[in-house]
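The lines below spell out each chain.
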Amino acid sequence: MTPGGEVTVRLVKHPRPDVRYPAVVVHDDGTHAVVRAPWAGAATRDFGFVRFEAGDVFTEHYWRDRWYSVKEVRAATGSLKGWYCDVARPARVEPGALVVADLDLDLWVSADGATVLRLDEDEFEESGLTDRDPGAAARARQALDELERLAGSGGFTELLGSTGPDITPA
């Protein structure tokens, strides 16, 4: 993927329909890919702890060797809302697309780092992954634990590198 080029992000949400949206490539070193995209939802989504709405910009970090992605969320004004982290299989690049299989576990970290929330653990249990693929389920739980440790220790800055929290939307 070439910085400045366009790519379609495809989030595989089995058994639900995939989510697809256009993004611009910010960085790709062969292992860590970063794309930027506006909020792709049709309407505002209020989670109670954060609202995703028109004008929000997501700088999304994907790895080909890690079982998660980290999405920095900024308001249209450029102010940081926080980081939404998806536990997922390592990203794959296909012609014109960045493909990520979501595993239903998520983590939210507020902009000030004071709020760290583990999300959707019930959906993960209901997904049946533990029975279908115990190895993948164990990797997913380890990934969520790793993200929570990074959030608690301020480790996102190191993890995300120069394309991380200090970047402002394009």
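Look up: the structure comes first, before these words.
Being a predicted model, the structure only gives us computed values, none of them experimental. (Residues numbered from 1 in each chain as written. Predicted model: local features only at pLDDT ≥ 70, side-chain atom pairs only at ≥ 80, totals over all residues. Heavy atoms only, no water.)

(A) Looking closely at the nonpolar core. Judged by nonpolar contacts, the single largest core of 24 residues is most densely connected at Y68, V70, V87, L147, F156 and L159. Taken together, the elements giving at least two residues each to this core come down to β7 (68-74), β8 (80-88), β10 (97-110), α3 (134-153) and α4 (156-160). Each residue touching L159, except ones within four places of it in the same chain, is listed here: H32, W63, R66, Y68, V70 and L150. Grouped together as the second largest cluster of nonpolar side chains are 13 residues, V35, A37, L98 and V100 included. (Core = buried A, V, L, I, M, F, W, Y, C linked by side-chain atoms within 4.5 Å. Buried < 20%, exposed > 50% of the residue type's maximum accessible area, 1.4 Å probe, protein only. Helix = DSSP H or I, 4+ residues; strand = E, 2+ residues; numbered from the N terminus. Contact = heavy atoms within 4.5 Å.)

(B) Seen up close, the pairing of β8. By the criterion of burial, β8 is predominantly enclosed, with eight of the nine residues buried. Where β7 lies against β8, seven bridges are found, and the strand directions are antiparallel. Bridge pairing links V70 to C85 in β8. Hairpin connection between β7 and β8: a loop of five residues separates the two successive antiparallel strands, and G78 in this loop has a positive phi of roughly 100 degrees. Taken together, the six bridges between β8 and β10 define a ladder with antiparallel strand orientation. Opposite W83, over in β10, you have V109 as the bridge partner. (Pairing = 2+ DSSP bridges.)

(C) Structural view of the side chain of D28. Here D28 shows up in strand β2 (residues 19-28). Polar contacts involving the side chain of D28 include one to the main-chain amide nitrogen of M1, which spans 3.4 Å. Among the polar contacts made by the side chain of D28, one reaches the main-chain amide nitrogen of G30 at a distance of 3.0 Å. Among all residues touching D28, those that are not within four sequence positions of it are M1, A33 and R64. (Polar contact = N/O pair within 3.5 Å; in protein donor to acceptor, adjacent residues only side chain to side chain.)

(D) The packing of aromatic side chains, seen in detail. Taken as a whole and assessed by the stated rule, the structure comprises 11 aromatic pairs. When the centroid spacing of 5.8 Å and the interplanar angle of 25 degrees are considered together, the rings of W39 and F58 count as stacked. Remark: F58 occurs in strand β6 (residues 57-63) and W39 occurs in the loop between β3 (32-38) and β4 (45-46); sequence separation between them is 19 residues. Assessed through its relative accessible area of 6%, F58 is described here as buried. Between F52 and Y84, the ring centres sit 5.9 Å apart and the planes meet at 75 degrees, which makes this aromatic pair edge-to-face. Of the two residues, F52 sits in strand β5 (residues 51-52) while Y84 sits in strand β8, which places them 32 residues apart along the sequence. Given the relative accessible area of 10%, Y84 is considered buried. Over the ring of W63 we find R66, and its NZ or CZ is 5.5 Å from the ring centre. (Phe/Tyr/Trp six-rings, centres within 6.5 Å; stacked < 30°, edge-to-face > 60°. Lys NZ or Arg CZ within 6 Å of the ring centre and 35° of its normal.)

(E) A look at α3. Counted at 1.5 Å a residue, the expected span for α3 with its 20 residues is 28 Å, and the 29 Å between its end C-alpha atoms agrees. When α3 is considered as a whole, its buried residues turn out to be A136, A137, A140, A143, L144, L147, L150 and A151. Looking straight down α3, one finds that the buried residues subtend no more than 145 degrees of arc, so they occupy a single side. With respect to the buried face of α3, the exposed residues turned more than 90 degrees away are P134, R149, G152 and S153. Count one or two residues on from α3 and you reach G154, which has phi positive near 75 degrees. (Expected span 1.5 Å × (residues − 1). Arc of directions from axis to C-beta.)

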